[in-house]
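# Structural description and commentary
Listed here are the chains, written in short residue letters.
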Amino acid sequence: MLLRSSCTLALWSACLAVTAAALPAAEQFLTNGDFEQFSVALPDGWALDAGVTGFGTLSRLTPAPSGLYAVKLAPNANNTNSALQFGIGQAIEGSRVAGKSARLSARIQSEGGAQGVLICAALLQDNSVAILARLRDYGLSGAFAALSQVVDIPAGAQFIFVLAVVEGTTGSASFDALSALESPPAKQVDLDQDLAAAQQAS
């Protein structure tokens, strides 16, 4: 079920400047999801909305679960707007993914009262925004949590946005191993998992 967001399109505008590259054979929709390629200020392929630059700081965390680097987002006292929070994002052209399904996954570590959230959203034909998934680490363990969900992308989507954001005004959230791999539809994945569980029980 699609959950429509009331937030303005400005929330996603920075991502449009950096769209995902052509799909490789593995059908990975995200570019540089492991954050191993890094420019002076940002990981390659990712954008930071100008409206949130004063809401926190971004740095590289090393070592990381999947390689040398992860992205660390540390919010400050200005990070209080629930519709526009400190983070980075990437836009994927709808013509590449519309009508398909993808397994969204990430490793997220939240500390010090912050919560890291990976958001997948779609810009629809009527220019409304539909939130497809939120992967959240509540920071209960203090370690990197492996999170995953299959999302079904609307057939009429103009763009898909993947956003790594931090909620809160203290602490930090670190992100690594972000992925959006083409997948069977969510209902088919559920059926496959139920069948596997039944076979193990028999």
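Everything that follows concerns the structure shown earlier in this document.
Residues numbered from 1 in each chain as written. Predicted model: local features only at pLDDT ≥ 70, side-chain atom pairs only at ≥ 80, totals over all residues. Heavy atoms only, no water.

### Some words on unusual backbone geometry
Of note, the amide linkage connecting Thr62 to Pro63 takes the cis form, showing an omega dihedral of 0 degrees. Relative to the helices and strands, Pro63 resides in the loop between β3 (56–61) and β4 (70–75). Phi angles above zero are rare outside glycine, and Asn127 is one such case at about 70 degrees. As for its placement among the helices and strands, Asn127 is situated in the loop between β7 (115–123) and β8 (129–137). (Helix = DSSP H or I, 4+ residues; strand = E, 2+ residues; numbered from the N terminus.)

### Topic: the pattern of salt bridges
Summed over all chains, the structure comprises 1 salt bridge. Glu167 is paired through a salt bridge with Arg136; the nearest N and O atoms lie 2.6 Å apart. Of this pair, Glu167 sits in strand β10 (residues 159–167) while Arg136 is found in strand β8, placing the two residues 31 residues apart along the sequence. Using a relative accessible area of 23% as the deciding quantity, one classes Arg136 as partly exposed. (Salt bridge = Lys/Arg side-chain N within 4 Å of Asp/Glu carboxyl O. Buried < 20%, exposed > 50% of the residue type's maximum accessible area, 1.4 Å probe, protein only.)

### Examining the sheet that holds β4
Taken in spatial order, the 5 strands make up an open sheet running β3-β4-β11-β6-β9, and their pairing is antiparallel. The two strands at the open ends of the sheet, each matched to only one other strand, are β3 and β9 (145–152). Recorded for the sheet is a direction-independent mean angle of 30 degrees between the axes of neighbouring strands. (Pairing = 2+ DSSP bridges. Axes fitted to C-alpha atoms, helices over the stretch in contact; angles between N-to-C directions.)

### Section: the nonpolar core
With 39 residues, the main nonpolar core has Leu104, Leu118, Ile160, Phe175 and Leu178 as its most contacted residues. When contributions to this core are tallied by element, the ones reaching two or more residues are β4, β5 (87–93), β6 (101–111), β7, β8, β10 and β11 (172–183). Apart from the residues within four sequence positions on either side, Phe175 is in contact with Phe35, Ala70, Val71, Leu73, Arg107, Ile108, Gly116, Val117, Leu118, Phe144, Ala164 and Val165. Of all hydrophobic cores here, the second largest spans 10 residues; its members include Val117, Ala121, Phe161 and Leu163. (Core = buried A, V, L, I, M, F, W, Y, C linked by side-chain atoms within 4.5 Å. Contact = heavy atoms within 4.5 Å.)

### Observations concerning the packing of aromatic side chains
A full pass over the atoms with the stated rule returns 2 aromatic pairs. An angle of 50 degrees between the planes, with centres 5.4 Å apart, marks the rings of Phe35 and Trp46 as tilted. Within this pair, whereas Phe35 is found in the loop between α1 (10–13) and β2 (47–48), its partner Trp46 is found in the loop between α1 and β2, the two being separated by 11 residues in sequence. The buried category is assigned to Trp46, whose relative accessible area is 3%. When the ring centre of Phe38 is taken as reference, the NZ or CZ atom of Arg60 above it lies at 4.9 Å. Lying over the aromatic face of Tyr69, Arg60 brings its terminal NZ or CZ to 4.5 Å of the ring centre. (Phe/Tyr/Trp six-rings, centres within 6.5 Å; stacked < 30°, edge-to-face > 60°. Lys NZ or Arg CZ within 6 Å of the ring centre and 35° of its normal.)

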